[in-house]
Amino acid sequence: MSPVLSLVNVTKSYKQDGRSIQVLNGISLEIGEEFIAMLGPSGCGKTTLLRIIAGLEKPDSGRVDIPENAKVGFVFQFPTLLPWMTILDNVALPLKAQGMGWGEARERARKYLSLTGLQAFEDFYPREMSGGMKQRVNLARALAVEPMILLMDEPFSNLDPLTAESLRSEILDLWTLGVTTVRSIIMVTHSVDEAILMADKLVILTPRPAKIAGVIEVRIPRPRDRRSAEFQKLEDRVYELIAA
Amino acid sequence: MLYLLLCAAASVLRMLAAYVLSVLLALVFGVAMARSRSVERFLLPILDILQSIPILGFFPAALAFFVTVLPAGIGVEAAAVFLIITSQLWNLIFGVYSSVKSLDPMLFDMSKVYRMGRATVFFYLCVPASRNSLVANSLISWAGGWFFLTSSEIITMGAAEHRLLGLGTFIMEAFERGDSYGFYLGVASLLTVILATYILVWNPAGETILERELISLRPVYSTIESSVGSLWSTLGNLMIKAEARIRLPSFAGKAIVIAVLTSIAYFLVGGLKQLPSFDIESVYGSLLEVAYELPLSLARVSTIVAFSVFLSLAATYASYARKGIMLVVLLVGEVLASIPAVVWWPLLASIALGSPLGPYMVATVVMLQGSLWYLYFNLIVYGLAGLRKDLEEMSRVYRIRGLWYLRSVFIPSLLPSLASGALSAWGGAWNSTVAAEYVSFGERVIDIGGVGAVLNRKAAKGDALGVAMSALLLSLVITVFNKALWKRFFEFIERRYGGGE
């Protein structure tokens, strides 16, 4: 299986108060058609790596290989919606920006809003919606560009536990049913539990400057049960790796 | 009568042209400053100076420039529109700039991830984000435009005098003829036009967009809103489509900027060549004259600003306590602030010519009009919005009332917007010295001294260079004051009273 995306020896440092702080220290990784969860202690550079993959930042050295014309969807940590637009137009705007007419863009946006269960709310403004609903719009917008790669930056960290849990299972359903164009998901998270519940493969990073501490495949069949012995065992292994 | 209508239409059109240009310029410059560090570093200090100097002083030079660069008729018209723009533009630019600057940076990340082009970001992120501050500032800018309307319609430069068709000219001509019926008719129509534009357009806009109660009538505004809205979105869609189709090479943006700068420089040099030659001795003379008259104006301006602070605080408190008062005072303020500086003199001619102190009283009124309303609008629009509900409730629970409430809650809460309003009022007061310290009624000249009077005397002699030099020196002094005094004051206020807990 040829990789969808590969990172070759990516490094990155920031200047802060005149000092240079290295964040990423040579990350190499091949990602195929799979769901990757990226785990690591807070401030280790997970989000920076995700931003580099999205093209929001440039690595100091190394490179990111993505097939030409591959589209990328991004689920931001916060909904990041334009308050002056209805959610339908919020989802349609990226399509519009790429030269699609409003009619066609809205048609496509409607399709993905209904996929995330929001078809009845298309005329709502973001301020009229709950946090969980706004995060769904964020997801619908990412899917509507019909991306090959879906990036998610701690997408559940600002939701209440119940809402987070139902959104997790919805995303898993979309992924396992294969109703979207997404072939790879990379999710940054600091929850070991969430990573094992959702992903095919866990990539664990060391504290700053981040290197890859280990890659663990999750071979537990879905739907996964948090209380099962194999789940618990895997969780212990991941914690050991992070602590090391 | 038909002539009067024609004059009113001409003035309104002139105002409209200047306003539309101001808004477009404000959007382009404001967004460019907020989005690009280098543009910000270049423009911020320039605008800082421009907004607080007496633009009227540069007007003769600007007029000479426009008249030489453009054909005579268009040149004078362009100069008039230019003058009105200089009285509207600065607060609009700063409003757009701070709105875009304070947008959540994640939104720009979002636009980058989804590969939105400049046009999309401009039309769908930056412009909607600036909408509230554009409307709030338009209430002030529209009045500022009227305030300078007459000065822009009758332009005297030595022997040459340019008169444009308009209400300002109509009023002044009636007054010069001694036609008091015509004069009051002109002033009445001016007031009607100003009142109508506020009640029909700006107040409804403020009500819809700022969600604030104002005296207004809706139907006209709804039509304007929907047609401007559809025009704007058509323009936006065209630009976005063009941008998606045509991928400009990355240097295109820089090339456009360089081309614009070069052509501005070309015109500027062409215009400057036409100006009278540089006479070092006369420059020296005008500098001395300005230095000599400056303290007088400084004293007047400081007094007026202090008085404005006091008056506007009182008016704000009254508005806060009784909403009815606010509605009336706002409307009265909108109209009073709009009355052209030059019209105050003939309007109050009996006072001005009646006693030796008369001119000083009228000058005070003119300067007050040029500064007070900046403060009041700032306090009403931004200040009262910043008054925190929890502090109000706390005061009610602990029965903090009357003077105590004013001193410990009300005024401290207003201080940040009081400070920025006072800065505008200070600039406005300097600007109005040009209209307040010198006026000529046909044969009679009232000259109460000061820098504004110096500028007028030089303009009356046709000494464009002297006017520009004096204005330049004055700008320098004002800038020094701003940097030395206001900046520290702002920092102190921000540290002590700004932000949260």
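Residues numbered from 1 in each chain as written. Chains lettered and ligands numbered in written order. Predicted model: local features only at pLDDT ≥ 70, side-chain atom pairs only at ≥ 80, totals over all residues. Heavy atoms only, no water.

(A) Highlighting the overall build of chain A. In terms of helices and strands, chain A carries seven helices and nine strands. For chain A, the C-alpha radius of gyration of 18 Å lies close to 18 Å, the compact-globule estimate for 244 residues. Overall size of chain A, expressed as C-alpha extent along the three principal axes, is 50 × 45 × 40 Å. Evaluated residue by residue, chain A yields a buried proportion of 53% over its 244 residues. Of the contacts formed within chain A by residues at least 6 apart in sequence, a portion of 71% connects residues at least 24 apart. Positive and negative charge centroids in chain A, built from 29 and 30 side chains respectively, lie 4 Å apart. (Helix = DSSP H or I, 4+ residues; strand = E, 2+ residues; numbered from the N terminus. Rg over C-alpha atoms; globule rule 2.2 N^0.38 Å. Buried < 20%, exposed > 50% of the residue type's maximum accessible area, 1.4 Å probe, protein only. Contact = heavy atoms within 4.5 Å. Lys, Arg positive; Asp, Glu negative; His and termini not counted. Charge placed at Lys NZ, Arg CZ, Asp CG, Glu CD.)

(B) Layout of the sheet that holds strand 1 (residues 5–16) of chain A. Residues and elements named next belong to chain A. The sheet built from three strands is open, its strands ordered 2-1-4 with antiparallel pairing. A strand with exactly one partner marks an edge of an open sheet, and here the two such strands are strand 2 (19–31) and strand 4 (61–65). Averaged over neighbouring strand pairs, the angle between their axes works out to 25 degrees when direction is ignored. Where strand 1 lies against strand 4, four bridges are found, and the strand directions are antiparallel. Residue pairing in the sheet places serine 6 in a bridge with aspartate 65 of strand 4. Helix 1 (residues 46–54) contacts strand 1, strand 2 and strand 4 of the sheet and is inclined by roughly 120 degrees relative to strand 1. (Pairing = 2+ DSSP bridges. Axes fitted to C-alpha atoms, helices over the stretch in contact; angles between N-to-C directions.)

(C) Broad picture of a nonpolar patch on the surface. Residue and element names in this part refer to chain B. Together, Ile256, Val257, Val260, Leu261 and Ile264 line one region of the surface with nonpolar side chains, adding up to about 460 Å² of accessible area. Secondary-structure assignment places isoleucine 256 in helix 11 (residues 252–274). Here isoleucine 256 falls in the exposed class, since its relative accessible area comes to 53%. (Patch = residues over 30% accessible without salt bridge, like charges linked within 9 Å, V, L, I, M, F, W, Y side chains within 5 Å. Areas by Shrake-Rupley, 256 points an atom, 1.4 Å probe, with all protein chains shown as cover. Salt bridge = Lys/Arg side-chain N within 4 Å of Asp/Glu carboxyl O.)

(D) The arrangement of the domain arrangement of chain B in detail. Residues and elements named next belong to chain B. Taken domain by domain, chain B consists of domain 1 (1–266) and domain 2 (282–501). Across the contact, 43 residues belong to domain 1 and 50 residues belong to domain 2. Buried area between domain 1 and domain 2, summed over both chains or domains, comes out near 4,000 Å², and the portion from carbon and sulfur atoms is 74%. Our count for the contact surface shared by domain 1 and domain 2 stands at zero salt bridges. Scanning the region where domain 1 abuts domain 2 turns up one residue pair in polar contact (both at pLDDT 80 or more). For the side of domain 1 that touches domain 2, the secondary structure elements donating two or more residues are helix 2 (37–50), helix 3 (55–69), helix 6 (118–147), helix 7 (149–153), strand 1 (154–157), helix 8 (167–177) and helix 9 (180–210). Sorting elements by how many residues they give to the side of domain 1 that touches domain 2 places helix 9 first, with ten residues. Per-class residue counts for the side of domain 1 that touches domain 2 are 30 nonpolar, ten polar and three charged. (Domains from an automatic or database assignment. Buried area = accessible area lost by both parts, 1.4 Å probe. Polar contact = N/O pair within 3.5 Å; in protein donor to acceptor, adjacent residues only side chain to side chain. Nonpolar A, V, L, I, M, F, W, Y, C, P; charged D, E, K, R; others polar.)

(E) Main features of the interface of chain B and chain A. The partner chain A presents 24 residues to the 19 residues of chain B that form the contact. With both sides pooled, the region where chain B packs onto chain A buries about 2,000 Å², and carbon together with sulfur makes up 69% of that total. On the chain B side of the contact with chain A, Val113, Tyr114 and Tyr124 of chain B bury the most area, a combined 33% of that side's loss. There are one salt bridge connecting chain B and chain A. With a closest N to O distance of 2.6 Å, aspartate 109 of chain B and arginine 51 of chain A form a salt bridge.

(F) The arrangement of the pairing of strand 7 (residues 184–188) of chain A in detail. Residue and element names in this part refer to chain A. Among the five residues of strand 7, five are classified as buried, and the element is accordingly described as predominantly covered. Neither face of strand 7 is open: one carries Ser184, Ile186 and Val188, the other Ile185 and Met187, and all of them are buried. Pairing of strand 3 (residues 35–39) with strand 7, which is carried by four bridges, proceeds in the parallel orientation. Residue pairing in the sheet places alanine 37 in a bridge with methionine 187 of strand 7. Examined bridge by bridge, strand 6 (residues 149–153) and strand 7 share five bridges and lie parallel to one another. Directly across from isoleucine 149, in strand 7, lies its bridge partner serine 184. Handedness of the crossover joining strand 6 and strand 7 through helix 5 (residues 161–177): right-handed. (Right-handed = clockwise from strand over helix to strand, strands pointing away.)

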